[in-house]
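# A closer look at the structure
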Amino acid sequence: MLNTKKANEAAAYKAAQVKEKVSFEDFMKMDIRVGTVLDCQRVPKADKLLQFRIADGFAERTILSGIAQHYPNPEALIGTQVCFMANFEPRKLRGIMSEGMILSAEDADGKLVIIQPSVKVTNGVEVK
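The text that follows walks through the structure, step by step, so that each part is easy to find. Predicted model, so just to flag it, every value in this text is computed and none were measured.

## Digging into the overall build of the protein
Counting secondary structure elements, the protein contains two helices and nine strands. Counting from the amino terminus, the protein carries its helices and strands in the arrangement α-α-β-β-β-β-β-β-β-β-β. Each of the three principal axes of the protein carries a C-alpha extent, and together these read 45 × 40 × 30 Å. A total of 128 residues make up the protein; the buried ones form 31% of that total. Carbon and sulfur atoms provide 55% of the accessible area of the protein, an area that totals close to 9100 Å². Put simply, the protein has 18 plus and 16 minus side-chain charges, and the middle of one group is 4 Å from the middle of the other.

## Quick word on the pairing of strand β2 (residues 50-55)
Regular strands place their side chains on alternate faces of the sheet. Note: strand β1 (residues 32-42) against β2, six bridges, orientation antiparallel. Counted as the bridge partner of Thr36 is Ala55 from β2. Note: β2 against strand β3 (residues 60-65), six bridges, orientation antiparallel. Bridging from a neighbouring strand, Gln51 pairs with Leu64 of β3.

## What about the packing of aromatic side chains?
Each aromatic ring pair is characterised by the separation of its centres together with the angle its planes make. Counting across every chain of the model gives zero aromatic pairs. The ring of Tyr71 carries the charged tip of Lys111 above its face, separated from the ring centre by 5.3 Å.

## Here's the deal with the state of the cysteines
Overall, the coordinates contain zero disulfides when judged by the stated rule. Looking at Cys40, it has no disulfide partner, and the nearest cysteine sulfur is the one in Cys83, 15 Å off. The class of Cys40 is buried, set by a relative accessible area of 0%. According to the relative accessible area criterion, Cys83 is buried, its value standing at 8%.

## What about the sheet that holds β2?
Spatially, five strands are ordered β3-β2-β1-β4-β7 in an open sheet, and the strand pairing comes out antiparallel. The open sheet has two free edges, formed respectively by β3 and β7 (101-102), since each of these has just one partner strand.

## Some remarks on the pattern of salt bridges
By the definition in use, this model includes four salt bridges. Between Arg61 and Asp56 there is a salt bridge, and its shortest N-O distance comes to 2.9 Å.

## So, the side chain of Asp31
Locating Asp31 in the fold gives a position in the loop between α2 (24-28) and β1. In contact with Asp31, other than residues within four places in its own chain, are Phe84, Met85, Ala86, Asn87 and Glu126.

## Remarks on the pairing of β3
With five of six residues buried, β3 lies mostly within the body of the structure. Count of turn residues in the β2/β3 antiparallel hairpin: four residues, of which Gly57 carries a positive phi of about 95°.

Basis of the calculations
- Residues numbered from 1 in each chain as written.
- Predicted model: local features only at pLDDT ≥ 70, side-chain atom pairs only at ≥ 80, totals over all residues.
- Heavy atoms only, no water.
- Helix = DSSP H or I, 4+ residues; strand = E, 2+ residues; numbered from the N terminus.
- Buried < 20%, exposed > 50% of the residue type's maximum accessible area, 1.4 Å probe, protein only.
- Areas by Shrake-Rupley, 256 points an atom, 1.4 Å probe, with all protein chains shown as cover.
- Lys, Arg positive; Asp, Glu negative; His and termini not counted.
- Charge placed at Lys NZ, Arg CZ, Asp CG, Glu CD.
- Pairing = 2+ DSSP bridges.
- Phe/Tyr/Trp six-rings, centres within 6.5 Å; stacked < 30°, edge-to-face > 60°.
- Lys NZ or Arg CZ within 6 Å of the ring centre and 35° of its normal.
- Disulfide = S-S within 2.5 Å.
- Salt bridge = Lys/Arg side-chain N within 4 Å of Asp/Glu carboxyl O.
- Contact = heavy atoms within 4.5 Å.

And the structure:
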């Protein structure tokens, strides 16, 4: 049985307005892939950042994500698959080069949940 408070929050939730429309061509520029988490740990002296090492189907890549408060045990993510933006411009955060962006959904209560395939797929496959 659902917690009454959570049920009320879910019933009262109003989705954010849909953002400005983009063209199909702009959407096709996004390269969303699936990869397996090889390692995940907190970034020292950074309360919000997790450092992921991902098998991306070609090699390995490092992605930093500001979701540490939602995943207090980041080691539990090792071995799971995640969806990520593969073609973001690399960016240095806290002295570490981040080569993508982990995709997450924000629930009505503000909790972030990593987007994952429902079944295991080959690393590097595109999300379409």
